[in-house]
Amino acid sequence: MKKILSLICAVICVLALASCGNTANAPKGMKLASNEICDYYFYVPQNWTVDMSTGVASAYFSDTDKSNMSFTSYALSKEMTPDEYWETLKMDYSAIFAELSEPEVKETTLDGVAAKQYTYTAKAGTAEFKIMQVFCIKGETAYVFTFTATPEKFAEHIDKVGLVLAEFRFM
């Protein structure tokens with residue numbers, strides 16, 4: 001059983017790596033950061049580094065500026081709204097971060113589907129982060145976009161984050 005699971009994981013990793021950075025159908029100045037296992041297209045700026053090492057579609061800006069964005073999806077065990085989804089995560093986040101600010105919340109969309117954007121700050125040890133998350137519930141799946149940066153770097157990248165969200169597509 002372990003050998004079968006290891007083989008499946010290896011195949012998934014190879015497929016993920018093979019699709020990283022695909023620019024054939026990407027919007028101008030962007031590259032694909034998701035793969036065929038995902039049921040969406042997540043494009044990031046060309047100058048960002050795609051990183052699938054954790055199994056999550058993600059990218060970071062540089063070795064010296066670790067600002068990053070990721071996109072994940074989760075099967076829901078029950079029907080819920082983006083606000084309800086945030087409340088479930090907020091409890092987990094409160095256990096992880098020493099300080100968690102109240103989020104600024106905005107209505108938005110992902111590929112025409114209603115979503116909510118939450119922007120907040122969090123402290124882990126001495127490090128402070130500014131985080132923007134977009135939650136979209138489509139069918140029985142929660143789609144989560146996360147952009148994390150230091151407060152100083154957040155404003156520097158937010159325009160590119162807007163482009164990434166505008167170019168996101170469900171399959």
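Here, every reference points to the structure presented above.
Owing to the predicted nature of the structure, the values given are computational and were not obtained by experimental measurement. (Residues numbered from 1 in each chain as written. Predicted model: local features only at pLDDT ≥ 70, side-chain atom pairs only at ≥ 80, totals over all residues. Heavy atoms only, no water.)

Caption draft 1: View of the pattern of salt bridges. The final tally for this structure, using the stated rule, is seven salt bridges. Salt-bridge contacts for K106 lead to E104; the nearest nitrogen and oxygen are separated by 3.7 Å. Residue D111 pairs with R169 through a salt bridge whose shortest N-O separation is 3.9 Å. Placement of D111 in the loop between β8 (104-110) and β9 (113-124) and of R169 in strand β12 (residues 169-170) is noted, with a sequence separation of 58 residues between them. The exposure class assigned to R169 is partly exposed, which follows from its relative accessible area of 34%. Salt bridges sharing partners connect three or more residues here, namely D83, E107 and K116. (Salt bridge = Lys/Arg side-chain N within 4 Å of Asp/Glu carboxyl O. Helix = DSSP H or I, 4+ residues; strand = E, 2+ residues; numbered from the N terminus. Buried < 20%, exposed > 50% of the residue type's maximum accessible area, 1.4 Å probe, protein only.)

Caption draft 2: Local environment of helix α3 (residues 151-167). Counted at 1.5 Å a residue, the expected span for α3 with its 17 residues is 24 Å, and the 25 Å between its end C-alpha atoms agrees. At H157, α3 shows its maximal kink, close to 50°. Listed as buried for α3 are F154, H157, V161, V164 and L165. (Expected span 1.5 Å × (residues − 1). Bend = angle between axes of the 7 residues up to and from the residue.)

Functional significance is not addressed by these values, which are geometric in nature.
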